[in-house]
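Chains, contacts and geometry: an overview
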Amino acid sequence: MTTLPADEANIQVAAERLAKGLLVAMPTETVYGLGADALNEAAAKRIFEVKGRPPTDPLIVHITDLGLMDTLWEVDADTRTTARAVAGALWPGPITLVARAADIVPTAVTGGSGFVGLRSPNHPVARALIDASGKCIAAPSANTFGHVSPTTAAHVAVDLAPRDKTLTILDAGACTVGVESTVVRMNSAKHLEILRRGAVSAADIIKALNGAGLDDVAITIRDTRSKYASEAAPMDGPGQLLTHYSPNVPSFLVAPNALPPKSPTSWAVDMTTAAGPSAAPVPMEKTVVIDFGSTLADTQFSCLAYRSLSSSGSAQEACQQVFDALRWTETVDGAAAVIFPLVSEFHNAADAAAAALLDAVEDRLFRAASGRVANFVVAGAANGDKSTAS
């Protein structure tokens, strides 16, 4: 494994390694991606091997030339027109468009689904690497499958250095957005379906369509947290599984009716509903708290460790911090549980842009917890005799 500063010379080195079928971890504005030549099936399969990714989970293909839509997709002219309207307004940027794949796209890249997502990243290093290599670059997040996504080169090295001795990592510092792209499936020219939340909102997509005179396109949002519970069936887009982005410490959501009284020094996190009846409550002194907007601020004096994604309630800051914070929980000695607020039930976004970012943050936290919600009980209470906060 080699980590290189992302300068012009090293981008050329990385491009040459891609051409040889090797993997390169590249920075994007969203997260670091584990890249390979998208049209080299053996190289694409190597991504799955290194990540431990199920073969049913498709890859996103990164491009800089919008004309490649015609090469990589098999869609009708009207659907292509709608896609170009969205891409023309929002690319380069953190939005992936999914459509029926052309025959040239390897089955490994589509995950057997027959669909492929295209994205034009808004990061100078990613774009320079694509252009220098002359390749379409297939790149999911550069982490082990199911683990917290990487927003720094160091995160990539921790996960993947032991799994690929020939890996090259281009280090360009921390990612500016901090969560993966919005994923939109082109169901038809008149129907777009958001498969994964990200920094680009439904309002942004509508504005792009209206700007192109396409004001009759329906947009729906899929509740992917319940659609794919298993890896067995091919998925039509990335990021569709319920359990994802998970640290190696059991993690749980906290809803408003579960908040403990002020200064809960004698309270513990009850996981019995979420983790099963045999799960013992975890004392606050063994609990790590990830907060947002001071929602759980009263726990910081009794918990093992406390960190806020944004004490001021900034959605942008929370997006930038969420994956680093989830990885941080793994470094806290003695941590037996992690809790964080179910953001949407505590906070209203200031505007549509902030709402999209908070939706993305909540989506990642929900999946990190596998949708499990914890309660609070009096510390030391027996399973059959609990006084709860609600």
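What this report covers is the structure whose coordinates are included nearby. Treat the numbers as computed from the prediction; the structure is a model and nothing was measured.

**Considering the nonpolar core**
Counting residues in each nonpolar core, the largest one holds 53 residues, and the members touching the most others are V61, W73, I95, L97 and I205. Counting 34 residues, the second-largest nonpolar core is a separate cluster that includes L309, V338, L365 and A369.

**Re the environment of T151**
With respect to the helices, strands and loops of the structure, T151 is situated in the loop between β7 (137-138) and α7 (153-160). As a C-alpha pair, T151 and V177 span 26 residues in sequence and 9.0 Å in three-dimensional space. For T151, the residues in contact, after removing those within four places along its chain, are T30, V31, Y32, G173, A174, C175, G178 and F323.

**Description of the pairing of strand β10 (residues 191-196)**
Among the six residues that make up β10, five are buried, leaving the element largely enclosed by the rest of the structure. Where strand β9 (residues 182-188) folds back on β10, the antiparallel hairpin that results is connected by two residues. The sheet contact formed by β10 and strand β11 (residues 218-221) spans four bridges and is parallel. When the bridges of β11 are listed, I194 appears paired with I221. Following the chain from β10 across helix α8 (residues 202-211) to the adjacent parallel β11, one finds a crossover that is right-handed.

**As for helix α6 (residues 124-133)**
For α6, the full list of buried residues reads V125, A126, L129, I130 and S133. One side of α6 carries all its buried residues, which in axial view fall inside an arc of 135°. Residues P124 and D131 are exposed on α6 and point more than 90 degrees away from its buried face. Those residues of α6 that are buried are in contact with α1 (8-19), β2 (24-26), β4 (60-62), β7 and β8 (168-171). Where α6 ends, the next residue or the one after it, G134, has phi of about 70°, a positive value.

**Digging into the packing of helix α4 (residues 77-90) against α8**
At a minimum axis distance of 8 Å, the contact between α4 and α8 shows a crossing angle of 110°. Comparing their axes, α8 and α4 come out roughly perpendicular. Relative to α8, α4 is oriented so that their crossing is right-handed. Every residue of α8 that contacts α4 at T82, A85, V86, A89 and L90 is listed here: D204, I205, A208 and L209. Looking at side-chain class alone, the contact of α4 with α8 contains seven nonpolar, one polar and one charged residues.

**A few points about unusual backbone geometry**
Glycine aside, negative phi is the norm for most residues, and most peptide bonds take the trans geometry. Cis rather than trans, the peptide bond between W91 and P92 has omega equal to -10°. The phi dihedral of S294 falls on the positive side, at around 65°, and the residue is not glycine. In this structure, S294 sits in the loop between β15 (287-291) and β16 (305-308). In this structure S294 comes out as partly exposed when scored by relative accessible area, which is 38%. Within the chain, S370 stands out as a residue other than glycine whose phi angle is a positive 55°. Note that S370 resides in the loop between α12 (352-368) and β18 (375-378).

**A closer look at the sheet that holds strand β17 (residues 337-341)**
The four strands lie next to each other as β12-β17-β15-β16, forming an open sheet whose pairing is parallel. Bordering the open sheet on either side are β12 (251-254) and β16, each of which pairs with just one other strand. Strand-to-strand twist across the sheet, computed as the mean angle between neighbouring axes with direction ignored, equals 20°. Bridge count between β12 and β17: four bridges; the pairing is parallel. Note on β17: the bridge partner recorded for L253 is F340.

**Overview of the sheet that holds β8**
Taken together, eleven strands build an open sheet; the order of strands is β1-β8-β2-β3-β7-β4-β6-β5-β9-β10-β11 and the sheet is mixed. Of all strands in the sheet, those bounded by a partner on one side alone are β1 (2-5) and β11. One ladder, built from three bridges, connects β4 with strand β6 (residues 115-119); its direction is parallel. For V61, the partnering residue across the bridge sits in β6 and is L118. Taken strand by strand, α7 contacts β2, β3 (33-37) and β8, and its axis lies near 165° from that of β8.

**Some points on α1**
Relative to the 16 Å expected for twelve residues at 1.5 Å per residue, α1 spans 17 Å between its end C-alpha atoms, a close match to the ideal helical length. Every buried residue of α1 is listed here: N10, I11, A14, A15 and L18. Seen end-on, α1 carries its buried residues on one side only, within an arc spanning 150°. In this structure, the buried residues of α1 make contact with β1, β2, β3, α6, β7 and β8. Remark: G21 follows α1 within two positions and exhibits a positive phi of approximately 90°.

**Some points on the packing of helix α11 (residues 315-329) against α12**
Relative to each other, α11 and α12 sit at 20°, their axes nearing to 8 Å. Classified by the angle between their axes, α11 and α12 sit roughly parallel to one another. Where α11 crosses over α12, the handedness of that crossing is left-handed. Residues A315, Q316, A318, C319, V322, F323 and L326 of α11 lie in contact with α12, whose contacting residues are A354, L357, L358, V361, R364, L365 and A368.

The rules behind these values
Residues numbered from 1 in each chain as written. Predicted model: local features only at pLDDT ≥ 70, side-chain atom pairs only at ≥ 80, totals over all residues. Heavy atoms only, no water. Core = buried A, V, L, I, M, F, W, Y, C linked by side-chain atoms within 4.5 Å. Buried < 20%, exposed > 50% of the residue type's maximum accessible area, 1.4 Å probe, protein only. Helix = DSSP H or I, 4+ residues; strand = E, 2+ residues; numbered from the N terminus. Contact = heavy atoms within 4.5 Å. Pairing = 2+ DSSP bridges. Right-handed = clockwise from strand over helix to strand, strands pointing away. Arc of directions from axis to C-beta. Axes fitted to C-alpha atoms, helices over the stretch in contact; angles between N-to-C directions. Parallel < 35°, antiparallel > 145°, perpendicular 65-115°, else oblique. Left-handed = near helix turned anticlockwise from the far one by under 90°. Nonpolar A, V, L, I, M, F, W, Y, C, P; charged D, E, K, R; others polar. Expected span 1.5 Å × (residues − 1).

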